[in-house]
Amino acid sequence: MKSLKKIASLVLALAFVAIAVFALASCGEAKKVKIGVIVADATGSEALSFRNYYKEYIEKNYNVEFLYSDALTDAEAEKAAIENFITSGCKAIISLASADRPAQIEQCEKAGVYYAVASGVLNDEEYAKYKSYKYYVGAIGPSLDVEYQTGYEMAKAQIAQGKTKFAIYGAGVGYRIDMHVQRTAGMLAALCEDDTTTYGGVSIPGAIIGSLYTDGEVSLSKFQSSKYELVGYHALWNFGDATWQANLASVVAADPEVILCAGTGLSVFGQAVSGTSVKICDIDSFTSDYATAMQNGTVTYLAGKYASSIGPIFAAVLDAVNGHAVKTEAGEALALGQSYWVATSHAQFEKFQSADSVSNPIFNKTLLDTVIGDNVSYTTFKTFVETDRTPE
Amino acid sequence: MDKAKTNDKYSRRQKIISLTPIIGLVLLLALYVVIGLIKDINFKAGFEAIVNQSVILAIVATGAIFIFTLGSFDISLGASTLVSACAGGLIYNATGSVWLMLVACVAVSLIASLISSVLGSIFNLPVFVTTVAMMSVLSAISEMLITGKGGNQIRITGLSGLENIWLKLIVLAIFSALCVFVFEFTKIGRRQKALGGNPVCAKLTGISVKKYAILAFVMAGIGIGLGGFLTAIRASTITSGTAGDIGMNIFIAIVFGGMPISGGPRSRIYAAIIGSFSIKILSQILTMLLAAVPGANGIAQMVRAVFFLAMVYLASINYRTKMLPR
Amino acid sequence: MVSSVKERVRGEVLLTVSDMTKTFGPVTALNNVSMTLRRGDVLGLIGENGSGKSTVSSIIAGMQKADRGEMTFLGEKWDPQSMLDALERGVGMIVQESGTIPGISVAENIFLGELYQFSKFGIVSRKKLNDAANAVLKNIGVENVSGDMPMISLDFQARKLIEIAKVVMKEPEILIVDETTTALSQHGREVLYKIVDRYRSENRAVIFISHDLDEIMEVCDTLTVLRDGNMIRTFEKSEFDPDDIRTSMIGREMQGDYYRSDFVPSWDEDVALNVDNVVVTGHVNGVSLEVHRGEILGIGGLSHCGMHTLGKTMFGAVAPDGGKVTLSDGTEVKNEFVAMKNMLGYVSKDRDNESLILSASVKDNIAIAGMEKYAVNNFLILDGREKKYVDEQIDGLSIKCSSRDQAVQTLSGGNKQKVVFGKWVGRGSEILILDCPTRGVDIGVKQAMYQLMVKLKSEGKSIIMISEELPELMGMSDRLIIMKDGKVTKEFLRSSELSDAEIIKYMI
């Protein structure tokens, strides 16, 4: 009893000492610019590839240090993470978490810390409100137009191949997540270009988008066509829910030629379609999971982000921290679109993958340095971001 | 005869052990400052962050002490806080009145608490059981409230002015003063502790188990309501994940604060506040040390777990008695 | 080994203990205790709580180890590694705490750890097992319990008998009986006494520990008194004298009377509590009685006669299935709350589980029942007033504690009971229901309790004393009601002429 108590005290004391030693050991590094990265996902393959690019490439080539948050699931957690980063002396926050972007922007503005959105954009209303904030650097990522277009082109490509029997996976449409709604609307709009096909009696893109926001789902009964079949619809990620699982199975059982996915299609349908002839078309990122899936033919079409696509926003943030923030001609924050790379074969996929590796990314130091400096114009930056860098 | 002396030593040891949580908090704070100096952190932001992140937990936990004192457990605290925040947010959006929002928050959580405890007493179930059912019900209700108007969130705009540490500290001060008063200076608190210590004995002393279980849930309900109110202000966007970790954190916090897991006469109100601040300071320390380390979150969780077990162990020494055969 | 014993010669030294010392932290439980046990001895160990009598016997039985000192058993060094080890080698102890497992059968409990004896290819033969258990039980004279009964179906006393069987079955050379009889009724005691007699006649030896002075003088041949870990004196049978023994136990002359000195029944005419044809199915079968102000009403019987349940019913803690309990003004005592409000007090037989909050302090335990006496506006509790109230009780009852903040679980049994009394007396209870108030309490405290009861009686309070000990019932009661099978079988008035034999007739 007595000795146990001693052991317990000893363990506690050791823990304290260890922490103190650790702290001492980790000091003495040269002063680096600290940048906090808040993420909604800490373990997914896209999240990891982004993280690797920052931690393994950017940190080695620039005098910066990235601090990463836990996987943040709600607005309060985002707030706490930003507080912690500010405490740690971060000069800027790069956000990959979107539970409450306005709150993040307000918080950083109040604290005098630069804030930027990576891999996404603000909607028009939000941009209008925050574009003139001093510490709001901007957003670089696929715009909502790009999202719509990506969904549209995915469906068009399948039609061109003569596919007529589809299913749709709407991902976050149920939560009315903008990018998923836009992508899904794009898919439906592509199908509706056929004269006999309508969704909810219409075929105008704006109307389709509107009805998706209203319904929060794709309704099979609204889909009318004598050319195409829409045999199933699924959404969200309720893996633990039996009804959700049953619907997943029924979508596959309806035997569509392809499932058009608005995102995360492989992780949702990968298991279910194995051993069937059902193919997945997806919008995600160029990660090893998709490499395998494209090689074995499960995924036939992938519109994806690539790891170093978050390079430009880093450049913009570093400029801002160095006191030379890049602003539009009107002196407003950046809002630039990036498009996806599309792979339709494993060979193409491999080409993309090798073109953007951690050791040799697309947005490498040489390229980034063209927009890091004290005299970078908006036009230069805009061109830099919007140039099509798809590997030939 | 030296028995009296022995017992004096015993009581002194008990006192020292009961001070451990405070000593722990001071040590953690000292460690925070030392590491903060080494790491050159922004102390103003740091202390604000600690207050911001601790207070809501401290308030809900302070109210929950009444339940834990009875040796009972409420698993629906987090879900209840969320529903309360949702209700407050919707009322504020509809009326623009902060006061109505506050009333809504407290009313909703009080109703939820009362349902749990009254159901427990009607059906003669341990209240813990009813809170398990309540948790599902509350989660469903919050889901309905959140998605009710389309979208996956309740966005509250115009309250960011209230998001400051002073409002939080004032609410905490008022509520904890109320709790300390009820707990330490009224018959209610004495009877709560007696019930937690030995329900059979308490019953044979004319104390109604049901009545005091309901009272405990009322106090907890007020705390949840205030916590929900502050959560709504702080988060400003309420989603189904809001306040998700509060339930488990409360348990960890009060144990950190030196509250006996079994409740009873040695329960202390301040355990909630000390514990809440302790775990958040510990988190801050770990964040400072580990933010740039791969696998940091896993390490931080393990460190927290070790501290938790250590505290449970230290707390339990307090209640073990040596075997003294007659 | 037990089996190696060929001949048992009366008077041969079986066990020696020399200079044994044992401390628990700063508490010295045993201080250089030495003793010798010979074949044919039935040695009684007696002393107040904390005197060391259980400590010494538990060390002999292998339950714990001494810090210093030597032991020999059958001429060899004795250092048992566990109770099981000691039992296998010839020293068995029947412990205070219940050591049986409720979820399995009687036979499985008796042969716990030895079921392999009855198994073939891993399958236990129920029949063989139960037959063996029945034989063991029959051997010690227990006939109403059989091996196939689930342990959980047995009452406290029967479980105790199973424990006795488990130990005696091994036929140890030395049998240690530690406070076992407290849990036993007359029948159980007789079973045990027969075993003791057999041990004496077979030239084995028994160490018998008990609080009950009358019993220990009856059963034992010699008596060793321990006090504060020291051996005080050993009495031979011819020297047995209750007063001498008590004096050496408490280390001072007893002041004043032990029981009441008068033999005149007396009470006021006012009825304080009226029990009207109360029925509690399975326990109480139509009991009616009246308790008057200034009366000590004794209720006696065997432990399952229903008197304990009756006590709880009178306090409102058990709802009767028929009949009712009313106060002088006609108020029905429906629950504990009503009882408290009308100044009833209840001291449970199961003190640790029902009358005290063990983890709480002396202060908390005493204060909890008396809040209306010191709370401002019957709501607000101020530290100073509360402490004053508690200190009055601690002083008034001479509760031995280091401070009012000492945890009750660290007190001795007697002082715990004083705390319970303080809780009820302090608030000015008009009617006190005392269920086995002196159970597990040493003589000094017993006397104090008796004196307090006399004082309360003189103040016009009503006392209902439920007890399994006839001497105190006869010594204290104005009226003595005897119960059997849930019914009142006889009422005696206080008299110097009362005899145990006469009373016991109505109990069995």
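Every value quoted in this text rests on a predicted model; they were computed, and no experiment measured them.

Draft legend 1. Structural detail: the overall build of chain A. When you go through chain A residue by residue, the secondary structure sums to 15 helices and 14 strands. Whereas a compact globule of 392 residues would reach a radius of gyration of roughly 21 Å, chain A reaches 23 Å, a difference of no more than 12%. Along the three orthogonal principal directions, the C-alpha set of chain A runs to about 75 × 70 × 40 Å. Expressed as a percentage of its 392 residues, the buried residues of chain A come to 48%. Taking the intrachain contacts of chain A between residues at least 6 apart in sequence as the baseline, contacts between residues at least 24 apart amount to 67%.

Draft legend 2. Structural context of the domain arrangement of chain A. Residue and element names in this part refer to chain A. Once the domains are mapped, chain A shows domain 1 (33-142 + 307-338 + 361-386) and domain 2 (163-305). One C-alpha centre belongs to domain 1, the other to domain 2; they are set 31 Å apart. The interface is formed by six residues belonging to domain 1 together with seven residues belonging to domain 2. Grouping the amino acids of the side of domain 1 that touches domain 2 by side-chain chemistry returns no nonpolar, five polar and one charged.

Draft legend 3. Structural view of the packing of helix α4 (residues 98-122) of chain B against helix α9 (residues 209-235) of chain B. Residues and elements named next belong to chain B. Where α4 contacts α9, the axes come no closer than 7 Å and their chain directions differ by 150°. By the criterion of interaxial angle, the relationship of α4 to α9 is roughly antiparallel. Of the two possible hands of crossing, α4 and α9 adopt the one that is right-handed. A breakdown of the residues in the contact of α4 with α9 according to their chemical character gives 18 nonpolar, nine polar and one charged.

Draft legend 4. Fine view of the sheet that holds strand β14 (residues 284-292) of chain C. All names here are of chain C. Judged by pairing direction, the sheet is antiparallel, and its three strands sit side by side in the order β14-β13-β16 without closing on themselves. In this open sheet, the two strands that pair with only one neighbour each are β14 and β16 (322-327). Neighbour-to-neighbour, the strand axes of the sheet open up by a mean angle of 5°, direction not taken into account. Sheet topology places strand β13 (residues 271-280) next to β16; five bridges connect them, and they run antiparallel. In the strand pairing of β16, Val-275 is matched with Val-325.

Draft legend 5. Highlighting helix α6 (residues 144-160) of chain A. Residues and elements named next belong to chain A. Counted at 1.5 Å a residue, the expected span for α6 with its 17 residues is 24 Å, and the 24 Å between its end C-alpha atoms agrees. Against the buried residues of α6 lie α7 (178-192), β10 (258-261), β11 (279-285), β12 (299-305) and β13 (334-337). Positioned one or two residues after α6, Gly-162 has a phi angle of 90°, which is positive.

Draft legend 6. Spatial organisation of the nonpolar core. In terms of nonpolar packing, the biggest core is built from 295 residues, with Ala-92, Tyr-115, Ala-116, Val-137 and Val-317 of chain A together with Ile-254 of chain B touching the most fellow members. Here this core takes 15 residues from helix α2 (residues 43-69) of chain B, the largest share from any one element. Leaving out residues up to four positions away in the same chain, Ile-254 of chain B has contacts with Ala-61, Ile-65, Phe-68, Met-259, Ala-271, Ala-272 and Gly-275 of chain B. By size, the runner-up hydrophobic cluster in this structure holds 67 residues, among which are Ala-29, Ile-110, Val-177 and Cys-220 of chain C.

Draft legend 7. Main features of the sheet that holds β13 of chain A. Residues and elements named next belong to chain A. Strand order in the open sheet formed by six strands is β2-β1-β3-β4-β5-β13, and the pairing between neighbours is parallel. In the strand order of this sheet, the two ends are held by β2 (64-71) and β13, each with one partner. Across the sheet, the axes of successive neighbouring strands diverge by a mean angle of 15°, strand direction being ignored. Strand direction decides the pairing type here: strand β1 (residues 33-39) and strand β3 (residues 92-96), joined by five bridges, are parallel. Considered in β3, the bridge of Ile-35 is made with Ala-92. Together, β3, β4 (114-118) and β5 (136-141) form the strand contacts of helix α4 (residues 101-111), whose direction differs from that of β4 by roughly 155°.

Draft legend 8. Structural context of the pairing of strand β20 (residues 479-484) of chain C. Residue and element names in this part refer to chain C. As defined by bridge partners, strand β15 (residues 296-300) adjoins β20 across four bridges and the pair is classed as parallel. When the sheet's bridge partners are listed, Gly-300 is paired in β20 with Ile-482. Across six bridges, β20 lies against strand β21 (residues 487-493) in antiparallel orientation. The residue bridging Ile-481 from the neighbouring strand is Glu-491, located in β21.

Draft legend 9. The arrangement of the environment of Leu-48 of chain A in detail. In this structure, Leu-48 of chain A sits in helix α2 (residues 45-61). Spatially, the C-alpha atom of Leu-48 of chain A lies 22 Å from that of Lys-79 of chain A, the residues being 31 residues apart in sequence.

Criteria and thresholds
Residues numbered from 1 in each chain as written. Chains lettered and ligands numbered in written order. Predicted model: local features only at pLDDT ≥ 70, side-chain atom pairs only at ≥ 80, totals over all residues. Helix = DSSP H or I, 4+ residues; strand = E, 2+ residues; numbered from the N terminus. Rg over C-alpha atoms; globule rule 2.2 N^0.38 Å. Buried ≥ 20, exposed ≤ 12 C-beta atoms within 10 Å, placed from the backbone. Contact = placed C-beta atoms within 7 Å. Domains from an automatic or database assignment. Nonpolar A, V, L, I, M, F, W, Y, C, P; charged D, E, K, R; others polar. Axes fitted to C-alpha atoms, helices over the stretch in contact; angles between N-to-C directions. Parallel < 35°, antiparallel > 145°, perpendicular 65-115°, else oblique. Left-handed = near helix turned anticlockwise from the far one by under 90°. Pairing = 2+ DSSP bridges. Expected span 1.5 Å × (residues − 1). Core = buried A, V, L, I, M, F, W, Y, C linked by C-beta atoms within 7 Å.

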